[in-house]
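Topology and contacts: notes
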Amino acid sequence: MKSRGIRIVLVAPSHPGNIGAAARAMKNIAATTSRDRDQYFRIVDVREAASRLVAESSTAAAAVVFGPERTGLANEELESAHALIRIPASPAYASLNLAMAVQLVAYELYRARGVAAPTAAPLAAPLATTQEMERLYGHIAAVLEEIDFRDRTQSGTHLMARIRRLLQRAELDHNEVNILRGILTAVQNRRRTAGGAAR
């Protein structure tokens, strides 16, 4: 479903009525999470997320993704998001019904357009795509392997996961990804040059 450049995506909803309810909400008008996550994920409230989505949708495609009602989105799926939206709810009802959550997000998008549209400036550069970030992570992993930089923790297996989470919090744009990849390429070229001179 799409509303003026911002898509609402329902991943494997278990109740067909929620699809119709979400569609009706969209006529009137980031990944979502109902659980507390670890400190590496950037969590925003729905009003802040709506303002950002409206601004970002003026220069690039934007979407809010809702997971299945019973389980929500898996951590691997959440890692593809630029931020997570948390909708506070009563402790007695830890999460909202999916259709209600979609309507709340749709309302905040509608409100953000009315409040922000006349004054919101487009972002200087769109945020990097998932594909660009995956290429960057692969490039970092290759350079770390070349220079034999290892995770110094006891298990020694979580370095790239930590780097991914650090860069996720930074919310890199297209240009910033290119700068980092340029630095990595320069490191690789310098090592090759030094290796050739040593022979």
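Residues numbered from 1 in each chain as written. Predicted model: local features only at pLDDT ≥ 70, side-chain atom pairs only at ≥ 80, totals over all residues. Heavy atoms only, no water.

**What to know about a nonpolar patch on the surface**
Note the following rule: To count toward a patch, a residue needs a relative accessible area above 30% and no salt bridge. Like charges then connect within 9 Å, nonpolar side chains (Val, Leu, Ile, Met, Phe, Trp, Tyr) within 5 Å. What sets the accessible areas is the Shrake-Rupley method with a 1.4 Å probe; for residues, cover comes only from the shown protein chains. For this document, the term salt bridge refers to a Lys or Arg side-chain nitrogen within 4 Å of an Asp or Glu carboxyl oxygen. Segments assigned H or I by DSSP are reported as helices when at least four residues long, segments assigned E as strands when at least two residues long, and all are numbered from the N terminus. The classification of residues rests on relative accessible area computed with a 1.4 Å probe and restricted to protein chains. Under 20% of the type maximum is buried, over 50% is exposed, and intermediate values are partly exposed.
Taken together, Ile147, Phe149, Ile179, Ile183 and Val187 make up a surface patch of nonpolar side chains, about 440 Å² in accessible area. Within the secondary structure, Ile147 is located in the loop between α5 (130-146) and α6 (159-170). Judged by relative accessible area, Ile147 falls into the partly exposed class, the value being 38%.

**Focus on the pairing of strand β5 (residues 62-66)**
How we decide: In this description, strands pair whenever DSSP reports at least two bridges between them.
Only one face of β5 is buried: it carries Ala62, Val64 and Phe66, and the other face, with Ala63 and Val65, is open. Judged from the 5 bridges that link them, strand β2 (residues 6-10) and β5 form a sheet pairing that is parallel. The partner of Leu10 across the bridge, within β5, is Phe66.

**Concerning empty space enclosed by the protein**
To keep things clear, this is the line we draw: Whether a set of points on the 1 Å grid over the protein atoms alone is a cavity depends on a 1.4 Å probe fitting there but being unable to get out, while an open set qualifies as a pocket with protein on both sides within 12 Å along at least five of seven lines; lining residues are those with an atom within 4 Å of a point. Grid points are joined across faces, edges and corners, and a volume is the space filled by probe spheres set on the points. Asp, Glu, Lys and Arg are counted as charged, while Ala, Val, Leu, Ile, Met, Phe, Trp, Tyr, Cys and Pro are counted as nonpolar; the rest, among them Gly, fall into the polar class.
By volume, the largest cavity amounts to about 160 Å³. Along the walls of the largest cavity sit 15 residues, with Glu79, Ser80, Ala81, Met133 and Tyr137 positioned nearest its centre. Elements that contribute at least two residues to the lining of the largest cavity include exactly α5 and α6. Of all the elements, α5 adds the most residues to the lining of the largest cavity, at 4 residues. Along the lines of polarity and charge, the residues of the lining of the largest cavity split into 6 nonpolar, 5 polar and 4 charged. One number sums up the size of the second largest cavity: a volume of about 40 Å³.

**Points about the confidence of the model for the chain**
In regions of low pLDDT, the predicted coordinates are not meant to be interpreted in detail. Let me state the cut-off plainly: pLDDT expresses how confident the predictor is about each individual residue, on a scale running from 0 to 100. The contact criterion used throughout is that any non-hydrogen atoms of two residues lie within 4.5 Å.
Mean pLDDT over the chain: 77, with 73% of residues reaching 70 or higher. This stretch, residues 116-120, has a pLDDT under 50; its non-local contacts, to residues over four places away or in other chains, come to 2 contacts.

**Quick look at α5**
Under the convention used in this document: Multiplying one less than the number of residues by 1.5 Å gives the expected span of a helix.
The end-to-end C-alpha distance of α5 is 24 Å, a good match for the 24 Å that 17 residues give at a rise of 1.5 Å each. Of the residues flanking the end of α5, it is Asp148, one or two places downstream, whose phi is positive at about 60 degrees.

**Brief notes about α6**
The criterion, for reference: It is the directions from the helix axis to the C-beta atoms whose arc is reported.
Between its first and last C-alpha atoms α6 spans 17 Å; for 12 residues at 1.5 Å apiece the expected length is 16 Å, and the two agree. Those residues of α6 not exposed but buried are Ile163, Leu167 and Gln168. Axial view of α6: buried residues confined to an arc of 135 degrees, hence all on one face. Count one or two residues on from α6 and you reach Glu171, which has phi positive near 50 degrees.

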